[in-house]
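In case you want the letters, here they are:
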Amino acid sequence: MKTFKTRHQFYLPDDLSEALDRLCSASGSSKTAVLTEGLKAVLERHAGHELDLRFGVRLDRMSRGQERLENKVDLLAEAFGTFVHHQLTMVAHQPPFDDETRQLGLKRYQAFIDLVGRRLASDSKLRLLPAEDDAAG
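Residues numbered from 1 in each chain as written. Predicted model: local features only at pLDDT ≥ 70, side-chain atom pairs only at ≥ 80, totals over all residues. Heavy atoms only, no water.

Trainee: Even after reading the chapter, I still don't get helix H1 (residues 14-27), so can you show me in this structure?
Mentor: Turn by turn, an α-helix covers 3.6 residues, leaving residues three or four places apart pointing in a common direction. A rise of 1.5 Å per residue sets the reference length of H1, with its 14 residues, at 20 Å; its end C-alpha atoms lie 20 Å apart and thus fit the reference within 8%. Downstream of H1 by one or two residues, Gly28 has phi in the positive range, about 80°. (Helix = DSSP H or I, 4+ residues; strand = E, 2+ residues; numbered from the N terminus. Expected span 1.5 Å × (residues − 1).)

Structural data, given as structure tokens:
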């Protein structure tokens, strides 16, 4: 009768051989069954571990880089949206520049920076549309 198994001969250290004998007698399993299951487990674990070693570190580094990039894009989008809102609602039709206008521009710029800072600090998810109370400031 043809079996789908290959015979192997190998040597085990005495202490490991005795442990295998005890395990087989206690569980009622054959040495072949125990060694087959053990070898399968080692090979499956090793294959998964090898993939983690090869790609896990790189994927983690790429994920952290992507998160940093997303945070920067969110910051830029928030600043740009606030700036456009500010320009369209508060700075339209400026008189010719003089010292008073320059001072007003500096105050408005500082208000803009403060507004962006407050909005970034108040939300974990950045809002891209201006809030109603921002138009009054």
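Let's pick the thread back up.
Trainee: Is there a simple way to think about the packing of aromatic side chains in this case?
Mentor: Given two aromatic rings, one states the distance between the centres and the angle between the planes to describe the pair. In the structure shown here, the tally under the stated rule is two aromatic pairs. Note on Phe83 and Phe112: the rings are 5.7 Å apart at their centroids and 70° apart in plane angle, and the pair reads as edge-to-face. Residue Phe83 is located in helix H2 (residues 31-90), and its partner Phe112 is located in helix H3 (residues 99-122); the two are separated by 29 residues in the primary sequence. With relative accessibility at 10%, the residue Phe112 sits in the buried group. Centre to centre, the rings of Tyr109 and Phe112 are 6.3 Å apart; their planes meet at 40°, and the pair counts as tilted. Of this pair, Tyr109 and Phe112 are both found in helix H3, three residues apart, which corresponds to roughly one turn of the helix. Take Tyr109: its relative accessible area is 52%, and that puts it in the exposed class. (Phe/Tyr/Trp six-rings, centres within 6.5 Å; stacked < 30°, edge-to-face > 60°. Buried < 20%, exposed > 50% of the residue type's maximum accessible area, 1.4 Å probe, protein only.)

Trainee: What's the story with the confidence of the model for the protein in this structure? I'm lost.
Mentor: The predicted coordinates ought not to be read in detail in places where the model reports low pLDDT. Scored by pLDDT, the protein comes out at a mean of 79, with 81% of its residues at no less than 70. Mean pLDDT per element in the protein: helix H4 (residues 132-136) is the minimum at 46, and H1 is the maximum at 89. Contacts of residues 132-137 to residues separated by more than four positions or lying in other chains number five contacts, the stretch itself having pLDDT below 50. (pLDDT = per-residue confidence, 0-100. Contact = heavy atoms within 4.5 Å.)

Trainee: Would you mind going over a positive patch on the surface with me for this structure?
Mentor: A contiguous patch of positive charge on the surface is contributed by Arg54, Arg58, Arg61, Arg64, Arg68 and Lys72. Residue position: Arg68 is located in helix H2. (Patch = residues over 30% accessible without salt bridge, like charges linked within 9 Å, V, L, I, M, F, W, Y side chains within 5 Å. Areas by Shrake-Rupley, 256 points an atom, 1.4 Å probe, with all protein chains shown as cover. Salt bridge = Lys/Arg side-chain N within 4 Å of Asp/Glu carboxyl O. Lys, Arg positive; Asp, Glu negative; His and termini not counted. Charge placed at Lys NZ, Arg CZ, Asp CG, Glu CD.)

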